[in-house]
Amino acid sequence: MANELIINVTAQETRVALLEDRGLAELYIERTKDRGIMGNIYKGKVVKVLPGMQAAFVDIGLEKASFLYVSDVYGGMEDYEEMIFQGEELPNYFNPSSQIEDLLSEGQEVLVQISKEPLGTKGTRITSHITLPGRYLVYMPTVDHIGVSRRIKDEKERRRLREVILTMKPPSGGFIVRTASEGAEFEDIRNDMEFLLRLWNNIQKKKESSTAPSLIHSDLTMVLRVIRDILSPQVNRIIIDSKDEYENILSFINTYMPKQRFEILHYEKEGPIFDAYGIEMEIDKILGRKVWLKSGGYIVIDMCEALVAIDVNTGRYVGKRNLADTILKTNLEAAKEIAYQLRLRNIGGIIIIDFIDMEREGDREKVFQAFEEALRKDRQKTSIFEISELGLVEMTRKRTRENISRILSESCPYCEGAGLIKSKTTVCYDIFREIERSSSALGGPSILVEVNPEVADLLYEEERGRVEELEKKLKKKILIKGKAGFHQEQFNIIEV
């Protein structure tokens, strides 16, 4: 069955949903006021060197100084290590004997790239190992290295791609052949290489004419990054509700993927696009701790500061034959669901999975193999250890962006952080969508919105512009009234 990219663009946020077999597989959210900086390149100034931590703080013009580890600095900042491209074989030439105080000094100007955005309580991490991603290649300007994505398994194809790069690469600089290059023609790869070389030359020129701290190069918008990185022959349709972004996508694909055939549609129906494809309902489920399995069992996902714990339970499922078979079936179903939830919620870091105890060694092996197989769809790098005698699986999943629940939620003021509720901003956007959804049924000249007082304040202040846009669009006056007894997520929309 066809896979699709469904894209919802508003003035406040952009949301991209990957549907596989009509089910939500991945979700990307970027809010205008929190626009991502991953991959951006800055000219920064070292403000503090910390020999005891073998790291330095660098001012790149953000609110807080960024953190630069010694492993991200080498030889005048001219070598590279694995950074942000999963499955890409990046070289690691770092000399473990190097000391941060020998490489950097306070006041020194450096060219750096964002390797990790702030995640939870952790600040921005940067690297001096600059990498420039294209559709088919990743360019490393000062390393004479050629690598091929580990996701390309066919050895004949790997040799072909390596030879293609050797025939066209300049004397200096290195390239990583990305997974999307599998089966690509010579001309397509050459065009991508020429674009990256021109881009690096422009960055060098801007670096020389800029003073630190300053932004030298911004990565693509989130929509174009997702298209660049995940679009493949398996995704054959893109549907978007923004005319401007629709035109941008057409231009991008015509420039970088002219031979690819994707059906690109501008969604022009009245209802919200995520409602039409059943995505809005699925997003609400992402915030829940408990996920039910088809058999009647369930898994519970608890996110802590240090790790994520996932527990498997038989729940309502009592089986038909014996206890061992009941446990095996529940664990097999849970293995597939857990792999899906990790990808959907973008859960990273250390993950501990507590499968139901299995006495038979063969059953443990079946569950582990099922889990490994389910993880193969995940583009993020994962490392897993076999099921222990206690039924535990220890694993790690590469963390490259904030997980979805942290984007959509904030610590609950009602339970002092013990749980999560929708943030005030998310509630505002829910209200906007509900007003548009129900406006045709509200015949009066005005709409009264009753909300929690703090949400009302946000609607009057930061979100006032969107309220006024809706008033013009719907030709109705929108009145906002704070209700002291309302829960933060609670609101009423009433015809006046």
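The rules behind each value
- Throughout this document, residue positions are counted from 1 along each chain, in the order its sequence is written.
- In keeping with the predicted nature of the model, local features appear solely for residues at pLDDT of at least 70, side-chain atom pairs appear and are counted solely at 80 or more, and the whole-chain, interface and lining totals rest on all residues.
- Only hydrogens and water are set aside when side-chain values are computed; all heavy atoms of the structure are taken into account.
- Think of it this way: any DSSP run of H or I at least four residues long counts as a helix, any run of E at least two long counts as a strand, and we number them from the N terminus.
- Computation of the radius of gyration draws on C-alpha atoms, with the globule rule given as 2.2 Å multiplied by the number of residues to the power 0.38.
- Contacts between residues were defined by any pair of non-hydrogen atoms, one from each residue, lying within 4.5 Å.
- Here, Shrake-Rupley sampling with a 1.4 Å probe gives the accessible areas, and only protein chains in the shown set may cover a residue.
- Charged-residue counts in this description rest on Lys and Arg as positive and Asp and Glu as negative, His and the chain ends being excluded.
- Lys charges are placed at NZ, Arg charges at CZ, Asp charges at CG and Glu charges at CD.
- Burial here depends on accessible area, computed with a 1.4 Å probe over protein chains only, as a share of the maximum for the residue type. Under 20% is buried, over 50% is exposed, and the range in between is partly exposed.
- Only strands joined by at least two bridges in the DSSP assignment are considered to pair.
- With its strands directed away from the observer, a crossover is right-handed exactly when the path from the first strand over the helix to the second travels clockwise.
- One less than the number of residues in a helix, times 1.5 Å, gives the span that helix is expected to have.
- We define a nonpolar core as any set of buried Ala, Val, Leu, Ile, Met, Phe, Trp, Tyr and Cys residues linked to one another through side-chain atoms lying within 4.5 Å.
- Working note: the arc is built from the helix axis to C-beta atom directions.
- Two N or O atoms count as a polar contact when they lie within 3.5 Å, although within protein this holds only if one can serve as hydrogen donor and the other as acceptor, and sequence-adjacent residues are included solely when both atoms are side-chain atoms.
- One speaks of a salt bridge when a side-chain nitrogen belonging to Lys or Arg is within 4 Å of a carboxyl oxygen belonging to Asp or Glu.
- In this description, a line fitted to the C-alpha atoms serves as the axis of each element, helices being fitted only across the stretch in contact, and the angle between N-to-C directions of two axes falls anywhere from 0 to 180 degrees.
- Centres within 6.5 Å make a pair out of two Phe, Tyr or Trp rings, where for Trp the six-membered ring is used; the pair is then stacked when the planes are under 30 degrees apart, edge-to-face when over 60, and tilted otherwise.
- A score between 0 and 100, pLDDT records how confident the predictor is in each residue.

As a further point, take the overall build of the protein chain. Helices and strands together make up the secondary structure of the protein chain, namely 13 helices and 26 strands. Scaling as 2.2 N^0.38, a compact globule of 496 residues should have a C-alpha radius of gyration of about 23 Å, and the protein chain matches this with 25 Å. Taking the principal axes of its C-alpha atoms as reference, the protein chain extends roughly 70 × 65 × 50 Å. For the protein chain, restricting intrachain contacts to residue pairs at least 6 apart in sequence, the fraction spanning at least 24 positions comes to 68%. For the protein chain, the accessible area works out to roughly 24,300 Å², and carbon and sulfur atoms hold 49% of it. The averaged location of the 81 negative side-chain charges in the protein chain is 3 Å from the averaged location of its 71 positive side-chain charges.

With burial as the criterion, each face of strand β12 (residues 174–177) is covered, one bearing G174 and I176 and the other bearing F175 and V177. Sheet analysis places strand β10 (residues 137–140) next to β12, joined by 4 bridges and oriented antiparallel. Pairing of Y139 across the sheet is with F175, part of β12. Where strand β11 (residues 146–148) and β12 come together, 3 bridges link them in parallel fashion. In the strand pairing of β12, G147 is matched with I176. Between the parallel pair β11 and β12, the chain is carried across by helix α2 (residues 155–168), and the sense of this crossover is left-handed.

With 23 residues, helix α8 (residues 323–345) ought to run about 33 Å at 1.5 Å a step, and its terminal C-alpha atoms sit 32 Å apart, in line with that. Of the residues one or two after α8, N346 is the one with positive phi, at around 55°.

Here we come to the nonpolar core. The biggest cluster of nonpolar side chains holds 28 residues, and the ones touching the most others in it are I310, I338, I353, F355 and F371. Among the elements of the structure, β17 (298–303), β18 (308–313), α8, β19 (349–354), α9 (361–375) and β21 (392–397) are those that each provide at least two residues to this core. The greatest single-element share of this core, amounting to 7 residues, is contributed by α8. In contact with F371, other than residues within four places in its own chain, are A335, I338, A339, I353, I384, V393 and M395.

This brings us to helix α12 (residues 453–460). Turning to α12, its buried residues number three or more, namely V455, A456, L458 and L459. Angularly, the buried residues of α12 cover 160° about the axis, an arc narrow enough to put them on a single face. Contacts made by the buried residues of α12 are with α11 (424–438), β24 (446–451), α13 (464–474) and β25 (477–482). N-cap assignment for α12: the residue whose side-chain oxygen lies 2.9 Å from the backbone N of E454 is N452.

As a further point, take the pattern of salt bridges. By the definition in use, this model includes 39 salt bridges. Between R225 and E30 there is a salt bridge, with the nearest N and O atoms lying 3.7 Å from each other. You can see R225 sitting in helix α4 (residues 222–230) and its partner E30 sitting in strand β3 (residues 23–31), a full 195 residues away along the chain. E30 shares its class with R225; the two are buried. Ionic pairing is found between E471 and K477, a salt bridge with its closest N-O pair at 3.9 Å. Note on E471: relative accessible area 14%, which makes it buried.

All right, on to the sheet that holds β21 then. With mixed pairing, the 6 strands of this open sheet are ordered in space as β16-β17-β18-β19-β21-β20. One side of each edge strand has no neighbouring strand; the edge strands of this open sheet are β16 (290–292) and β20 (382–384). Each adjacent strand pair in this sheet contributes to an overall mean axis angle of 20°, direction not counted. Here β18 pairs with β19 via 4 bridges, running parallel. By the bridge assignment for β19, A309 is matched with I352. In this fold α8 packs onto β16, β17, β18, β19 and β21, with an angle of close to 150° to the strand it touches most, β18. The sheet contacts of α9 involve β19, β20 and β21, and relative to β20 the element is tilted by about 175°.

Per the stated rule, a full pass over the model turns up 6 aromatic pairs. Between the aromatic rings of F355 and F371, the centroid separation amounts to 6.3 Å while the plane-to-plane angle is 75°, which identifies the pairing as edge-to-face. Linking F355 in the loop between β19 and α9 with F371 in helix α9, this pair joins segments that are 16 residues apart in sequence. For the pair F355 and F371, one class covers both residues: buried. Taken together, the ring pairs in this structure connect F57, F67 and Y69 into an aromatic cluster.

The next subject is the pairing of strand β4 (residues 41–50). For β4, a buried count of 7 out of 10 residues is recorded, marking the element as mostly surrounded by other parts of the structure. By the bridge criterion, 5 bridges tie β4 to strand β7 (residues 109–116) in an arrangement that is antiparallel. For K45, the partnering residue across the bridge sits in β7 and is E109. In the sheet, β4 pairs with strand β13 (residues 214–217) via 3 bridges, with the strands oriented antiparallel. When the sheet's bridge partners are listed, Y42 is paired in β13 with L215. Relative to strand β5 (residues 55–59), β4 runs antiparallel, the two being bridged by 5 bridges.

Mean pLDDT over the protein chain stands at 86; residues scoring 70 or higher make up 93%. By mean pLDDT, the top-scoring element of the protein chain is α12 (95), and the lowest-scoring one is strand β22 (residues 409–411) (80). Within the model, the stretch residues 74–89 combines pLDDT values under 50 with 75 contacts to residues more than four positions away or in other chains.

Once that is clear, we can look at unusual backbone geometry. Omega for the peptide link from A212 to P213 comes to 0°, which places this bond in the cis form. Its location among the elements puts P213 in the loop between α3 (186–209) and β13. In this structure, K475 is a non-glycine residue whose phi angle is positive, near 55°. Residue placement: K475 occurs in the loop between α13 and β25.

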